[in-house]
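Spelled out from the first residue to the last, the chains are:
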Amino acid sequence: MFRHPSFASFLAAGALQLAAPSAVLVVLAFRVAFAYPGVPLPERTSYVALALAFLGLSSAVPTLASAFFSGAVADRHDRGRLMRVVNLLSIVAVAGLAADLLFAPSAHVPVPGPTGFYLPMWVLLVYPSWALVTATSAFFRPAFNTSVPRVVDTTDLGTANGAIYAVAAVTSLAASVLVGVLLDLGPTVYALGVAFALYFGTQVALLRIDADLSVARRAHPRSVLSEALEGFSFLGRRRALLELTIVGLVVNFLSALALVEVALYLSSWLGLSNGIWYGLLVAVLTAGTATGFIAISHVKFEGRAGSAIILLTIAMGVSLLAFGLVRSIWLALPIAFVYGLMPGMITTVFLSTIQSTVPDQMMGRVFSADEVGSYALVPVGQLAGGILVVAVGVQGAYLSAGSAIALFGLVMIPAFASLRRLGYRPRDAPEKLPPTDG
């Protein structure tokens, strides 16, 4: 793969850009988790749970709107130029967050919720900048993922995706640890400097890519809306891919119930208050994901891609449930590693399957249609996670979400027959595949 003159730069650009939002989120989630120092403990837990839920919710509409149109934009414009523009917007968003956290306005804004609930002004101002970070990521991903077949052979897609996302995960791991250390050593803006460096490195790498990432169109362009809708129509006609999107919808919703409260899990359930522990837990989760990217690329999953995703979903639910059964960080860390394996493996299988079975001129729209479908309920899950924690506590939220994912995985075995049969031959060209799956 590295014989291609642009692959190294392409890998670096993708890995750095994909890793940067997690570094930003570590900073924001940790700061929000300790945004109510003078509030008594029972109320503080509720306030933090809702403030973290709003952090996820704040990016919901911009992200979904971006994901809806991002594939159509990627299928009609030069993808390299598109990635450079949206990465510059990411840099602007980080600069806005740095300004907010540096000046940290202390006013309080009353918000509907538990008695006395409010949001510090600086927390309220975090939300629009975080929304811009996630929206630009939503535009970057389809443009990047559809470009992978331009820089590697079809037979190398599994290995290439595994390598790219593994490097992204390792970069995210290192960034999370560094951010956790910097949160304890100095002002928060120092920790945000890590994300700024990742985005700046992305821009440099993107400028070094010398591959043709333009789109060869077979028809006259129409409105962005009509072309975006074609992606949903294409997805709807492929039963296996549609079932895969449903899996993402359910699993991402249930995962969001618990994972939005990771900072609260550490501070309330495990009783840890130092930023290094939060950074370490996120880093171990990411290490598991990186290992998953590498491990699955050495497994011949192509012919049974759908069955692999079902089994990995069950394992994901069991490992998430295990978080609620331990109260020691030394037990939570290995559980986090095992949990992280699953999304890494699932992502590699999914990306390689789409890249091998969908025509290039349609691929961006299929990626974005799946992303909209898969992530449509994530904001609802994040808000529901805060409400669930208020109702049943941190442990109850993790036990409920993990059990539900595992049960859903078991139900998929008899119910999702098309997904069970989903697979591909590495040398297949997208145009050779049947137009529908049932």
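Report on the accompanying structure. (Residues numbered from 1 in each chain as written. Predicted model: local features only at pLDDT ≥ 70, side-chain atom pairs only at ≥ 80, totals over all residues. Heavy atoms only, no water.)

## With respect to the environment of Leu333
Part 1 of the reasoning: Take Leu333: it is sitting in helix H14 (residues 329-357).
Part 2 of the reasoning: Relative accessible area serves as the criterion here: at 10%, Leu333 is assigned to the buried category.
Part 3 of the reasoning: A sequence separation of 320 residues divides Leu333 from Ala13, and the C-alpha atoms of the two residues are 29 Å apart.
Part 4 of the reasoning: Here Leu333 is in contact with Leu280, Leu281 and Val284, once residues within four sequence places are set aside. (Helix = DSSP H or I, 4+ residues; strand = E, 2+ residues; numbered from the N terminus. Buried < 20%, exposed > 50% of the residue type's maximum accessible area, 1.4 Å probe, protein only. Contact = heavy atoms within 4.5 Å.)

## Concerning helix H8 (residues 188-207)
Part 1 of the reasoning: Taking 1.5 Å of rise per residue, the 20 residues of H8 would be expected to cover 28 Å, and the 30 Å separating its terminal C-alpha atoms lies within 8% of that figure.
Part 2 of the reasoning: Turning to H8, its buried residues are Thr188, Ala191, Leu192, Val194, Ala195, Leu198, Tyr199, Thr202, Gln203, Ala205 and Leu206.
Part 3 of the reasoning: On its buried face, H8 sits against helix H1 (7-33), helix H4 (79-103), helix H5 (121-145) and helix H7 (157-185). (Expected span 1.5 Å × (residues − 1).)

## Describing the nonpolar core
Part 1 of the reasoning: In terms of nonpolar packing, the biggest core is built from 138 residues, with Tyr36, Tyr265, Tyr278 and Phe323 touching the most fellow members.
Part 2 of the reasoning: Discounting residues that sit within four places of it in the chain, Tyr265 has contacts with Leu270, Phe323, Val326, Ala332, Val394 and Tyr398.
Part 3 of the reasoning: Within the second largest apolar cluster, six residues are counted, among which are Ala67, Phe68, Ala138 and Ala228. (Core = buried A, V, L, I, M, F, W, Y, C linked by side-chain atoms within 4.5 Å.)

## Focus: the pattern of salt bridges
Where side chains of opposite charge bring their charged atoms close, a pairing between them can arise.
Part 1 of the reasoning: Taken as a whole and assessed by the stated rule, the structure comprises three salt bridges.
Part 2 of the reasoning: In this structure, Arg79 engages Asp75 in a salt bridge whose closest nitrogen and oxygen atoms are separated by 2.9 Å. As far as the burial class goes, Arg79 and Asp75 line up, both buried.
Part 3 of the reasoning: In this structure, Glu230 and Arg365 form a salt bridge, with 2.7 Å as the shortest nitrogen-oxygen distance. With Glu230 in helix H9 (residues 224-237) and Arg365 in helix H15 (residues 360-375), the pair connects residues that are 135 residues apart, well separated along the chain. (Salt bridge = Lys/Arg side-chain N within 4 Å of Asp/Glu carboxyl O.)

## Overview of the environment of Met83
Part 1 of the reasoning: With respect to the secondary-structure elements, Met83 resides in helix H4.
Part 2 of the reasoning: A sequence separation of 58 residues divides Met83 from Arg141, and the C-alpha atoms of the two residues are 8.6 Å apart.
Part 3 of the reasoning: Once residues within four sequence positions are removed from consideration, Met83 is found in contact with Phe140, Ala143, Phe144, Ser147, Leu206 and Leu213.

## Brief notes about the packing of H4 against H8
Part 1 of the reasoning: One can describe the packing of H4 onto H8 by two numbers: an axis separation of 10 Å at closest approach and a directional angle of 170°. The orientation of H4 relative to H8 falls into the category roughly antiparallel. Considering only the axes of H4 and H8, their crossing is left-handed. For the pair formed by H4 and H8, the contact residues are Met83, Arg84, Asn87, Leu88, Ser90, Ile91, Val94, Leu97, Ala98, Leu101 and Leu102 on the first element and Thr188, Val189, Leu192, Phe196, Tyr199, Phe200, Thr202, Gln203, Leu206 and Leu207 on the second. (Axes fitted to C-alpha atoms, helices over the stretch in contact; angles between N-to-C directions. Parallel < 35°, antiparallel > 145°, perpendicular 65-115°, else oblique. Left-handed = near helix turned anticlockwise from the far one by under 90°.)

Read these as geometric descriptors, not functional statements.
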